[in-house]
Amino acid sequence: MSIKPLEFEQPIAELESEIQKLKAKSDSQDIDMSEQISSMEHKLQETRNEIYNNLSPWQRVQIARHTNRPFMLDYVVHAFENFCELHGDRHIGDDHSMPGGFAMIGDQRVVVIGHQKGRDTKENLLRNFGSAHPEGYRKALRLMKIAERFGLPVICMIDTPGAFPGIGAEERNIAEAIAFNLREMTLLRVPIIACVLGEGGSGGALGIGVADRVLMMENAYYSVISPEGCAAILWKHRQHAPEAAEAMKIAAPDLAKLKLIDEVVPEPKGGAHHDHAAAAENFKEVVMKHLKEVQALSTEEMLNARYDKFRQYGEWQGE
């Protein structure tokens, strides 16, 4: 799979191209260029380390939006087994941007729910670019209630620029659908693990984001507004998005320091889009660890801890 490099990855792409040219020249002309190739490969490794070990929040946003990044159903394929999708909210219809159903993760049966984006125009139209309608959130809650009835943990995978802002969504009361989910997830009597896979945009993310453990992939972001939206409000121009991303502290490492998430899930070097299977394996390992911790609590202890977790968000302690 050919992966188009991002702007900040151009130095890496150029070095890789030079190495390929040297190897091709060495093979075609039967010239020993091993020293030059070795030197270039060493330089490539140093360049990769320098770039990927010092990513800015805006660069992480770009990685989070990469079209080759694994989406919710990719994680289902690599980290789960026996996925059985359930459809419909029993009110309006089915929302293909919010798939969910029964699955196995390790030896644990769970209900898995998440936002799903598309990689081409046709799939994006089907998945509504990962922006769920009210029926998506109502379907998610229906599946959570089924999980509660059967005593199954819920795994939520967040990857959305935001809930769908169209007139139809407003007519069908998307604000109420999200708000109702927030309340009901707080009271759900089974463990909930949520993980931000890529974009965690505003209320669209929160609608399935109230959980006992909130995790984030290393290059995901979680924010009340996009960096471009923030820049348009504060600086009157989207070109200031990198500054907005820095100021808002939306990247996983910053949110972990602020204790707004519970753990950062490591990704393969350069981002999850370089190795879907490795990213999913890391996801599975961290999710199962936290799931076992939550399952060790009694139901009342779990609900009290969940309540306290979100009540402490935003607390200010003066120096």
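Residue numbers run consecutively from 1 along every chain, following the written order of its sequence. Per-residue local features of the predicted model are confined to residues with pLDDT of at least 70, and side-chain atom pairs are confined, for both listing and counting, to 80 or more; whole-chain, interface and lining totals are unaffected and use all residues. In computing side-chain values, all of the structure's heavy atoms are included and hydrogens and water are not.

On to the overall build of the chain. Counting from the N terminus, the helices are DSSP H or I runs at least four residues long and the strands are E runs at least two residues long. From N to C terminus, the chain includes 14 helices and 8 strands. For a compact globule the rule gives 2.2 Å times the number of residues to the power 0.38, and the radius of gyration it is set against comes from C-alpha atoms. Computed over the C-alpha atoms, the radius of gyration of the chain is 21 Å, within 12% of the 20 Å expected from 2.2 N^0.38 for a compact globule of 319 residues. Judged by the C-alpha coordinates and their principal axes, the chain covers about 70 × 50 × 50 Å. For each residue, the accessible area found with a 1.4 Å probe, counting protein chains only, is set against the maximum for its type, and the residue is called buried under 20%, exposed over 50%, and partly exposed in between. Evaluated residue by residue, the chain yields a buried proportion of 50% over its 319 residues. Contacts are assigned to residue pairs with any non-hydrogen atoms lying within 4.5 Å of each other. Taking contacts inside the chain between residues at least 6 apart in sequence as the whole, the part at least 24 apart equals 73%. Per element, the accessible surface of the chain, about 15900 Å² overall, is 51% carbon and sulfur. Only the protein chains shown count as cover for residues, and the accessible areas themselves come from Shrake-Rupley with a 1.4 Å probe.

Let us look at the packing of aromatic side chains. A pair of aromatic rings is counted whenever rings of Phe, Tyr or Trp (Trp by its six-membered ring) have centres within 6.5 Å, and the orientation is called stacked for planes under 30 degrees apart, edge-to-face for over 60 and tilted otherwise. This model, assessed by the stated rule, comprises 3 aromatic pairs. Both rings, one in Tyr75 and one in Phe283, keep their centres 5.2 Å apart while their planes meet at 55°; by these two values the pair is tilted. Placement of Tyr75 in helix α4 (residues 72-79) and of Phe283 in helix α13 (residues 276-295) is noted, with a sequence separation of 208 residues between them. Given a relative accessible area of 0%, Phe283 falls into the buried group. A connected cluster of aromatic rings, assembled from ring pairs, spans Tyr75, Phe80 and Phe283. The ring of Phe71 carries Arg119 above its face, with NZ or CZ at 4.2 Å from the centroid. We call a charge positioned over a ring when the NZ of a Lys or the CZ of an Arg lies within 6 Å of the ring centre and within 35 degrees of the ring normal.

Here the focus is a nonpolar patch on the surface. On the surface, Ile233, Leu234 and Trp235 cluster together into a nonpolar patch covering about 310 Å² of accessible area. On the secondary structure map, Trp235 appears in the loop between α10 (227-234) and α11 (241-248). Exposure above 30% relative accessible area and the absence of a salt bridge qualify a residue for a patch, where like charges join within 9 Å and nonpolar side chains (Val, Leu, Ile, Met, Phe, Trp, Tyr) within 5 Å. Salt bridge, as used here: a side-chain nitrogen of Lys or Arg that lies within 4 Å of a carboxyl oxygen of Asp or Glu.

Attention now goes to the packing of α4 against α13. Between N-to-C directions, angles span 0 to 180 degrees; the directions come from axes that are lines fitted to C-alpha atoms, helices contributing only their stretch in contact. Where α4 meets α13, the closest approach of the two axes is 9 Å, and the angle between their N-to-C directions is 75°. Taken together, the axes of α4 and α13 are roughly perpendicular relative to one another. Only His276, Ala277, Ala279, Ala280, Phe283 and Lys284 of α13 make contact with α4, whose side of the interface consists of Asp74, Tyr75, His78 and Ala79. Three categories are distinguished: nonpolar for Ala, Val, Leu, Ile, Met, Phe, Trp, Tyr, Cys and Pro, charged for Asp, Glu, Lys and Arg, and polar for the others, with Gly belonging to the last. Its residues assigned to classes, the contact of α4 with α13 comprises 6 nonpolar, 2 polar and 2 charged. Angles are sorted into four bins: roughly parallel if under 35 degrees, roughly antiparallel if over 145, roughly perpendicular if 65 to 115, and oblique for all others.

On to the pattern of salt bridges, then. Opposite charge on two side chains makes pairing possible when the charged atoms of those side chains draw close. Across all of its chains, the model carries 18 salt bridges by this definition. Between Glu16 and Arg48 there is a salt bridge whose closest N-O contact spans 2.5 Å. Within this pair, whereas Glu16 is found in helix α1 (residues 10-29), its partner Arg48 is found in helix α2 (residues 34-52), the two being separated by 32 residues in sequence. Residue Asp74 is joined to Arg119 by a salt bridge in which the shortest nitrogen-to-oxygen separation is 3.2 Å. Here the residue Asp74 occupies a position in helix α4, and Arg119 occupies one in the loop between β3 (108-114) and α5 (121-127), the gap between them amounting to 45 residues. Overlapping salt bridges, with partners in common, bring together Arg65, Lys117, Asp159, Glu199 and Glu228 in one network.

With that settled, consider helix α8 (residues 174-187). For a helix, the expected span equals 1.5 Å multiplied by the residue count minus one. Here α8 is 14 residues long and its end C-alpha atoms lie 20 Å apart, about the 20 Å a rise of 1.5 Å per residue gives. For α8, the complete set of buried residues consists of Ile174, Ala177, Ile178, Asn181, Glu184 and Met185. Projected down its long axis, α8 shows its buried positions confined to an angular sector of 135°, all on one face. Turned more than 90 degrees away from the buried face of α8, the exposed residues are Ala175 and Leu187. Buried residues belonging to α8 abut α6 (134-150), β4 (154-160), α7 (167-171), β5 (192-201), α9 (202-206) and α14 (299-311). The arc in question is the one traced by the directions running from the helix axis out to the C-beta atoms.

What follows is about α10. Residues of α10 that are buried include every one of Pro227, Glu228, Gly229, Cys230 and Ala231, and no others. Here the buried face of α10 lies against α3 (57-64), β7 (221-223) and α11. Backbone geometry just after α10 places Lys236 at a positive phi near 65°.

With that settled, consider the packing of α6 against α8. Where α6 contacts α8, the two axes come as close as 8 Å, and the packing angle between them is 20°. Judged by the inter-axis angle, α6 sits roughly parallel to α8. Crossing handedness for the pair α6 and α8: left-handed. Along its contact with α6, which presents Pro134, Tyr137, Arg138, Ala140, Leu141, Met144, Lys145 and Glu148, the element α8 presents Ile174, Glu176, Ala177, Ile178, Phe180, Asn181, Glu184, Met185 and Leu187. Handedness of a helix crossing follows the sense of rotation of the near helix relative to the far helix, less than a right angle counterclockwise being left-handed and clockwise being right-handed.

What follows concerns unusual backbone geometry. Working note: non-glycine residues mostly have negative phi, and peptide bonds are mostly trans. A positive phi angle is found at Phe129, which is not glycine, with a value near 60°. Residue position: Phe129 is located in the loop between α5 and α6. Since its relative accessible area comes to 47%, Phe129 is described here as partly exposed. Despite not being glycine, Lys249 has its phi angle at roughly 55°, a positive value. Mapped onto the fold, Lys249 is located in the loop between α11 and α12 (252-257).

Turning next to the pairing of β5. Burial analysis of β5 places 10 of its 10 residues in the buried class, the great majority of the element. Sheet analysis places β4 next to β5, joined by 6 bridges and oriented parallel. By the bridge assignment for β5, Ile158 is matched with Val196. One ladder, built from 4 bridges, connects β5 with strand β6 (residues 213-217); its direction is parallel. Bridge assignment links Val196 to a residue of β6, and that residue is Met216. Note on pairing: two strands pair once DSSP finds at least 2 bridges between them.

These figures come from the coordinates and say nothing about function on their own.
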